Amino acid sequence: MANFTLDNSSTHSANTRGKHPTFYLFSVLTFLIIYSSTLCQSYEPVRIINAVHLQQSFNTNRLKENSGFRVLHFGDSHIQGDRITGGIRDALKKELGKVDCGMMFPYSLCGSFGPVGMEATVSGKYTWSTYLKNPTGKPIGITGYQISLEQNSALNLEFKDAFKGKTSTTFEIWIYSDYDTLSVECPFTLLSKVSISEKLTIYRYLANSAVHQIQIKALKPCAFWGIEFIQAPQPI
């Protein structure tokens with residue numbers, strides 16, 4: 001009776017590569033060429049149905065006459081890296097003049113990255129949550145992230161030369177808190193404190209010159225939802 005044994009697959013593969021190195025290298029190169037061509041293929045843009053209904057919204061003269069408008073992006077990494085958002089902002093700036101850099105968040109404090117040119121640290125204790133990592137079900141804002149600051153903790157933001165947006169003398173911070181009194185303080189002049197909902201408040205501050213460093217101290221436990229520089233302040 002014949003006896004049959006099975007060779008170890010990894011040993012067999014290693015022996016095969018050793019005997020036929022040229023063929024193995026050719027196979028790897030072929031795979032890389034096919035894979036790269038698949039990634040680099042061109043795609044046709046999705047056609048907008050009934051695009052005529054959008055013409056009024058994109059009318060340059062009407063946009064200039066309005067006191068302001070917001071652009072809402074859906075996504076994650078392309079927003080944090082400011083790729084698509086940066087291109088749209090630059091295009092709007094050419095047409096409309098002053099354009100804000102939009103809502104920003106220190107993603108780097110939450111195990112992610114960005115924004116470019118913003119360095120963020122926290123003095124004291126804090127936790128963070130995202131739409132995908134939110135075991136306690138904390139409320140989360142439009143950035144998809146939130147940082148919970150314990151009392152007397154401070155969020156420090158510094159905007160370096162590599163920052164792609166533009167700082168200004170006026171900025172707003174979005175704070176979610178269970179307390180209806182002042183929850184945070186900054187070393188700048190508080191212009192207004194507006195409640196958007198029962199627990200969400202927008203604090204607007206004014207500095208003497210364009211801001212490059214901001215410290216947000218939690219007077220009570222609260223959550224930081226984002227910050228926005230205002231180039232052409234409008235009443236809120």
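Conventions used here
- Residues numbered from 1 in each chain as written.
- Predicted model: local features only at pLDDT ≥ 70, side-chain atom pairs only at ≥ 80, totals over all residues.
- Heavy atoms only, no water.
- Helix = DSSP H or I, 4+ residues; strand = E, 2+ residues; numbered from the N terminus.
- Buried < 20%, exposed > 50% of the residue type's maximum accessible area, 1.4 Å probe, protein only.
- Pairing = 2+ DSSP bridges.
- Axes fitted to C-alpha atoms, helices over the stretch in contact; angles between N-to-C directions.

S.K.: Would you take a moment to explain unusual backbone geometry for this structure?
M.R.: Most peptide bonds adopt trans geometry, and most residues besides glycine take a negative phi value. Even without being glycine, N152 reaches a positive phi, approximately 75 degrees. Mapped onto the elements, N152 comes out in the loop between β3 (145-149) and β4 (154-159).

S.K.: Looking at this model, I keep getting lost on the pairing of strand β8 (residues 200-206). Mind explaining?
M.R.: Within a regular beta strand, the side chains point alternately toward one face of the sheet and then the other, so they alternate between its two faces. In terms of residue burial, β8 counts as a mostly covered element, since six of its seven residues are buried. The pairing of strand β5 (residues 170-176) with β8 spans seven bridges and is classified as antiparallel. Its bridge partner being in β8, Y176 is matched across the sheet by L200. The turn linking strand β7 (residues 189-195) back onto β8 is made up of four residues.

S.K.: It is not clear to me how the environment of R70 should be interpreted in this structure. Could you clarify?
M.R.: Here R70 lies in the loop between α3 (60-65) and α4 (77-80). When its relative accessible area of 61% is taken as the criterion, R70 is described as exposed. Sequence separation between R70 and D100 is 30 residues; the distance between their C-alpha atoms is 9.4 Å.

S.K.: Please clarify how the sheet that holds β7 should be interpreted in this entry.
M.R.: Strand pairing within a sheet occurs via backbone hydrogen bonds; the two strands may be parallel or antiparallel. Across the sheet, which stays open at both edges, the six strands sit in the order β2-β3-β10-β5-β8-β7 with antiparallel pairing between neighbours. The open sheet has two free edges, formed respectively by β2 (126-130) and β7, since each of these has just one partner strand. Between one strand axis and the next, the sheet turns by 30 degrees as a mean value, whatever way the strands run. Across six bridges, β7 lies against β8 in antiparallel orientation. Bridging from a neighbouring strand, S195 pairs with T201 of β8.

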